[in-house]
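# Survey of secondary and tertiary structure
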Amino acid sequence: MAVIEVENLVKRYKRAKQPSVKSVSFEVAEGEFFAFLGPNGAGKTTTISILTTTLSKTSGRVRIAGYDIESEDRQVRDHIGIIFQRPNLDRTLTAEQNIRVHSCLYGMYAYRPLYRAMPAAYRERVERLADVVGVGDALFKPVGKLSGGMQRKFEVVRSLMHTPHVLFLDEPTQGLDAVARHDLWDYLDRVRRQWGTTVFLTTHYIDEAEGADTVCLINRGEIALCCPPQEMKRQFGAADLEDAYVDFLRRDAGFQADGEPAVAAPPPDRAPAEPPAATPAQGAGGRS
Amino acid sequence: MSPALVQGPDGLAGGLARLVPARRLSRAAREVNAVVTVAARDITITLGSPSGLVMGLAMPLLMMGMIGGMLRENMAGGLGFDFGQFMLVGMVVNMLFMMTTMGMVTLVDDSDDNYSAELLVAPVSRYSIVVGKIVGSSFLAVVSCLGVLVVGLAMGITLALWQLLVLLALAPLMCLSGGALSMIIMGAIKNKKTANMAVMMLTFPQMFLSGVIIPISQSSGLLWLLSRLMPMTYCVDLGRAVVWAGQPDYDAVVQFDPAVNLACIAALTALCLVVGTFLYARSEKNR
Ligand SMILES: Nc1ncnc2c1ncn2[C@@H]1O[C@H](COP(=O)(O)OP(=O)(O)OP(=O)(O)O)[C@@H](O)[C@H]1O
Ligand SMILES: [Mg+2]
């Protein structure tokens, strides 16, 4: 069963001439790891904001976990977790206070003004989660005094507190060091395996999408390709996903420069009529 | 199977998603909890900022001590009632109302820091968020109100204990009313400077229009109309009605029937809350 259903989604920001998202459609199955990739300004954050009910859509239909994002927005919010692209911990509180506010807003525990007074289950969960991502020592420090990467890790902890059904990650590893990135993905893999969480990821570290079930490429607000990563690598004859991705973007730019349409999206489970040429980087603007 | 037997990714009970007891509170309890949580966050922030607290205490000194003191010395004769008490009750209500209105501007900070996204993505009613914010803002309002009483005491103006208690019993209503009023501004203005200005432009004239310090029983024309549109007018009058209850100079001090006051406060508060919350939620979402 599809846990995310998007049909002809369009978003035109107020006073914008062009829509930022142009009739996008896709589905994400329960438990799937879905990577939503595209260059800066492609429309990834716009799409995620609409899916998480924080931005209104212009037209189209979106259902999350079977609920309509407009008429049943509350139920949708109940099923999702999100790490926003722009860091947004409350800098005037400590990391733990941020997590406590979050957990209480999600109805997990009754609010208590002191950490000691919170239920043991809460304290245990926060401390374990913070230890897992390696920020256990900083739990009681004001957020304003933490490094950017540490703040990001606490956002990860916060987003997982309520065990969301669908987890939206908008560039979650932005600003993390290599080891932290590695550990975080190890952990997210475990979350997925054990909780069956559906993960919707955007990232500019393309290697993070290697393990995805589906890779969806969006460019200028349109979906160009939606298929398993193996399929995408095969189409572009690339050894890894990043090469295939870069090749795709270069070709796409080339077509655009020639005034031709962008790469058409082949249906997910059918091979394209004509597989693109194999050599990476060749298509950079030079194709006729 | 006991959930404790299953290890989750965090090493805690609940390895399989559905075994994790993610929601423990009932729907109604969650909304109340959300109000408490949002309010507690604001109070924690207020307590963490000594300069804000000092401002909260300095406000009554400035308004009551200076403006009120001057007026009392220069114009209080021949009013037919105790001007000191008149002003004290007005100031108590004004502080509760106005400081809550002003505190709501932090909603714009939340917008700037992107924190409002975290609040608005939570599975709770928008009203819970707004009411929580109002309760949180009223904390500093109560501090200022205590400041008024202290300044009053220093000026030799006091209230009987029962008068003080009934006033304090009405305080939540006055704070709610003040907070709701500012939601109209918060729904329309996203810029912090502009929002602050707008709140100032609302609260200062209101202090005079609603008769906090200067009696308005003789107002006419536009001023009369404006005074009747201000929710604080009814709050101030209600405050005086309970304090002057049963006293011979009641009619010289109180303008409206307390039931009229209550009805007007309830209607204006509900209107501002519903319209303001709608505008606010929409402005955050419709970009
Ligand atoms: N509030 C806004 N008002 C008007 N236009 C906007 C707004 N936010 C984003 N846009 C535009 O919408 C388009 C898509 O932006 P979006 O943030 O979704 O991109 P993105 O794919 O997330 O990019 P990045 O990888 O840089 O995060 C861009 O052209 C951007 O300029
Ligand atoms: Mg983005």
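Here, every reference points to the structure presented above.
All values derive from a computational prediction rather than experimental measurement.

The rules behind each value
Residues numbered from 1 in each chain as written. Chains lettered and ligands numbered in written order. Predicted model: local features only at pLDDT ≥ 70, side-chain atom pairs only at ≥ 80, totals over all residues. Heavy atoms only, no water. Helix = DSSP H or I, 4+ residues; strand = E, 2+ residues; numbered from the N terminus. Buried < 20%, exposed > 50% of the residue type's maximum accessible area, 1.4 Å probe, protein only. Contact = heavy atoms within 4.5 Å. Areas by Shrake-Rupley, 256 points an atom, 1.4 Å probe, with all protein chains shown as cover. Salt bridge = Lys/Arg side-chain N within 4 Å of Asp/Glu carboxyl O. Near = heavy atom within 4 Å. Polar contact = N/O pair within 3.5 Å; in protein donor to acceptor, adjacent residues only side chain to side chain. Nonpolar A, V, L, I, M, F, W, Y, C, P; charged D, E, K, R; others polar. Buried area = accessible area lost by both parts, 1.4 Å probe.

## Thoughts on the overall build of chain A
Helix and strand content of chain A: eight helices and 10 strands. Per-residue burial over chain A gives 53% buried out of 288 residues. Partitioning the intrachain contacts of chain A with sequence separation of at least 6 by distance along the chain shows that 66% fall at a separation of at least 24. Carbon together with sulfur atoms contributes 49% to the accessible area of chain A, which is approximately 12100 Å² in total.

## Considering the pattern of salt bridges
Applying the stated rule across the entire model yields 23 salt bridges over all chains. We note a salt bridge from Glu155 of chain A to Arg152 of chain A, for which the minimum N-O separation is 2.7 Å. Highlighted residues: Glu155 of chain A and Arg152 of chain A, both in helix H5 (residues 148–160), separated by three residues, approximately one helical turn. Put simply, Arg41 of chain B and Asp42 of chain B hold a salt bridge, and the shortest N to O gap is 3.8 Å. Here the two residues Arg41 of chain B and Asp42 of chain B agree in accessibility, since each one is buried. What you see here is one network of salt bridges that share partners, running through Asp90 of chain A together with Arg41, Asp42, Asp110 and Lys133 of chain B.

## Examining the site of ligand 1
All names here are of chain A. In the region of ligand 1, 13 residues are neighbours, and Ser20, Lys44, Thr45, Thr46 and His204 sit closest. In this structure, Gly41 approaches ligand 1 through a main-chain N or O atom, which is 2.8 Å from an oxygen atom. Take Thr46: an N or O atom from its side chain is 2.5 Å from an oxygen atom of ligand 1. Considering ligand 1 on its own, with 640 Å² of exposed area, one finds that the protein chains cover 63% of that surface. Residue classes in the shell around ligand 1 are distributed as three nonpolar, eight polar and two charged.

## What to know about the interface of chain A and chain B
In this complex, chain A contributes 49 residues to the contact, which on the side of chain B involves 46 residues. In total, about 4300 Å² of surface goes out of reach between chain A and chain B, with carbon and sulfur atoms giving 52% of it. At the junction of chain A and chain B, the tally comes to four salt bridges. Across the salt bridge formed by Asp90 of chain A and Arg41 of chain B, the nearest N and O atoms sit 2.6 Å from each other. Our count for the contact surface shared by chain A and chain B stands at 20 residue pairs in polar contact (both at pLDDT 80 or more). Among the elements of the structure, helix H2 (73–79), strand E6 (80–83), helix H3 (95–105), helix H4 (120–132) and helix H6 (178–195) of chain A are those that each provide at least two residues to the side of chain A that touches chain B. Considering every element that reaches the side of chain A that touches chain B, the biggest residue donor is H3 of chain A, with six residues. A per-class count over the side of chain A that touches chain B returns 21 nonpolar, 14 polar and 14 charged.

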